[in-house]
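# Commentary on secondary and tertiary structure
Next come the chains, spelled out residue by residue.
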Amino acid sequence: MTFSSQFPTICSAQDTSRVTLCFDNLHFFVDNEYAASRVDGYTLPGFVLRPHVEWRIEERLKVQAGVHWLHYWGNHGFPTNSSLEGWNSYSTNDSKIHLLPWLQARIDLTPWLTAVFGSLENNNGHHLPLPLYNPERQYAADPEAGVQLMMNHSAVQADIWIDWRDYIWSYSPTQEKFCAGLSARLRMHLGETIELYLPLHALLLHNGGEGVTDTTLLVRSRINGATGLGVRAQLGDLSIAAEGQLMGYFNNRGENGRPVRDSLGWMTSKPVDFRTGWGFYDMLTADFKGWHIEASYWQGKQFVPLLGCYHFSNISSNTSDMTHDRICVLTVRGSYTYSGLKHCTLKAEAAYYHYFPFTADRTGYLKVYSTASDLFSIGLFLHLHPRIRL
C-alpha cells in the first residue's frame, strides 16, 4: 500500500491561495491471513483522520498545522504511550484516543531540493522496498517527525530523514530512540523511454542517550542497507521495471554462532539476535492505468528487517525463541486504484506469499522442519481529500 495514494502532499505549489483548509480521511480494512509459524495473521479495520490548515507564506514556504487521529473499529482505548510498537491490548484506557499533533514547515530551497521540519513526508514509504519497509506503517503507525531533506533531480532522487521517536531528559530511566534513513536512486536516462538506475538504501535504529539512570541499558545500533541495479521502461501508458538488490543487516549487540545442542540433538541455547545477515531481493513490476502488479523473490539468511515486512525476517514474530535458517519467499502483489472522483480515491489490493520449505532452531526443541505454506492478504481503502480555500 502506498501512502502517497492516501495522503499525498495535497496542497501543492500550484495553489494560489494563502490559506487552505485540508481534510484527509483514510478508511482502511486489511485482512492478513498469515497462519504460519513465522507470522501471525491479523486484521486492521479503522481510519486515519488528519484535518489541518495550510498557510502558504510565500511561493516556496508553507506551514501545515492540525492533528493526526488513528482509530481501530472495535477498539475502545489505547495505552498511554504514543508509540504503536509494543502495544499491550490489556493495558488500555477507555477514555484515551490516539491523537497526535501534525505540524510541518516545508521550504523549497531550489526547484529540486526541499527541506521539511516537524511532521515528515512519507513518500511511498520513502521509496523503500518491502524487506526494508512494511507499507502498513503508512496508515497504521504514528507519523514520523524530525527533519527531512528531499531531492528530485533528473540524475538523483533522494530522501534523507531523521525520525525522533523517544525524547528523554537528564536522568531518564529510559533511552532515547530515533530512526535515520537514506533512500536514493541514481538515474541514467537512455533515450526518452528507458531509465537505468542504482538504488541505495540505509536505515539506522539507535537506542542510547546520555544521562540515562539505568546503566543496564546498553547503547544499541541496528542497520539495514541495500544496493543493486534496476531498469524502467515507459511504453505509453504502460510502465515496466526490473531490479535486483543485495541487502544487509548489522547489530552491534548481536551475536552470530551455532546453536548449542546436547547429545540427543535438543537445542539448549542460541543467540538472542543476529549480528550480521544478508538477503537477495529480485522484483518485476508493471503499471497500467490504475493497475499495479509486482512479483518478487526473496532469499535471506540471518536477516532482520528493521521497518520491513515480517515475511522477510529470519526471526519468528509469533513463535518465542525461534530463529530460521535460510528463508525463501515468493511474493505476488496487485492493486487497482479508482480516481474518477475529484475528492475521493478508492483502492483495492491483494497479496500472495509462498514460503518454500525451511528449517529453524528453537531452545528446548529438536531441529524444526517446516513444509511449504501459502499466505494471502486483501485490503480496501477509501481516501477522502477535500480542500477548502479560505
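Higher on the page you've got the structure.
All values reported here derive from a predicted model rather than from experimental measurement.

### Things to note about the packing of aromatic side chains
Counted by the stated rule, this structure contains 16 aromatic pairs. Pairing Phe28 with Tyr139 gives two aromatic rings, centres 5.1 Å apart and planes at 45°, and the pair type is tilted. You can see Phe28 sitting in strand β1 (residues 19-33) and its partner Tyr139 sitting in helix α2 (residues 137-140), a full 111 residues away along the chain. For the pair Phe28 and Tyr139, one class covers both residues: buried.

### A short note on the sheet that holds strand β16 (residues 322-324)
On the basis of which strands lie adjacent, the open sheet formed by three strands has the order β16-β19-β20 and antiparallel pairing. Two strands lie at the open edges of the sheet, namely β16 and β20 (368-370), each paired on one side alone. Neighbour to neighbour, the strand axes of the sheet diverge by 30° on average, direction disregarded. With three bridges connecting them, strand β19 (residues 358-362) and β20 associate as antiparallel partners. Bridged to Phe358 within β20 is Ser370.

### Side note on the pairing of strand β21 (residues 373-384)
Here β21 shows a clear split, with Ser373, Leu375, Ser377, Gly379, Phe381 and His383 buried on one side and none of Asp374, Phe376, Ile378, Leu380, Leu382 and Leu384 buried on the other. Where β1 lies against β21, nine bridges are found, and the strand directions are antiparallel. Looking across to β21, one finds that His27 is bridged to Leu382. Strand direction decides the pairing type here: strand β18 (residues 344-355) and β21, joined by twelve bridges, are antiparallel. Among the inter-strand pairings, Lys347 is bridged to a residue of β21, identified as Phe381.

### Structural notes on the pattern of salt bridges
Within the structure shown, the criterion is met by eleven salt bridges. Here Arg261 ties to Asp361 by a salt bridge, and the two come within 2.3 Å at their closest N and O atoms. You can see Arg261 sitting in strand β12 (residues 260-261) and its partner Asp361 sitting in strand β19, a full 100 residues away along the chain. Using a relative accessible area of 29% as the deciding quantity, one classes Arg261 as partly exposed. Classification of Asp361 by relative accessible area gives buried; the value is 5%. Among the ionic contacts, a cluster of salt bridges with common partners joins Arg261, Asp325, Asp361 and Lys367.

### Examining unusual backbone geometry
Non-glycine residue Tyr171 carries a positive phi angle of around 60°. Mapped onto the elements of the fold, Tyr171 is located in the loop between β7 (156-166) and β8 (176-190). Its relative accessible area of 68% is what places Tyr171 among the exposed residues. Positive phi is not limited to glycine here, since Gln302 has a value of about 55°. Residue placement: Gln302 occurs in the loop between β15 (291-301) and β16.

### Some words on the pairing of β7
The sheet contact formed by strand β6 (residues 145-152) and β7 spans seven bridges and is antiparallel. Within the sheet, the bridge partner assigned to Met151 lies in β7 and is Ala158. Between β6 and β7, which follow one another and run antiparallel, lie three residues. Relative to β8, β7 runs antiparallel, the two sharing ten bridges. For Ile160, the partnering residue across the bridge sits in β8 and is Leu182.

Conventions and cut-offs
Residues numbered from 1 in each chain as written. Predicted model: local features only at pLDDT ≥ 70, side-chain atom pairs only at ≥ 80, totals over all residues. Heavy atoms only, no water. Phe/Tyr/Trp six-rings, centres within 6.5 Å; stacked < 30°, edge-to-face > 60°. Helix = DSSP H or I, 4+ residues; strand = E, 2+ residues; numbered from the N terminus. Buried < 20%, exposed > 50% of the residue type's maximum accessible area, 1.4 Å probe, protein only. Pairing = 2+ DSSP bridges. Axes fitted to C-alpha atoms, helices over the stretch in contact; angles between N-to-C directions. Salt bridge = Lys/Arg side-chain N within 4 Å of Asp/Glu carboxyl O.

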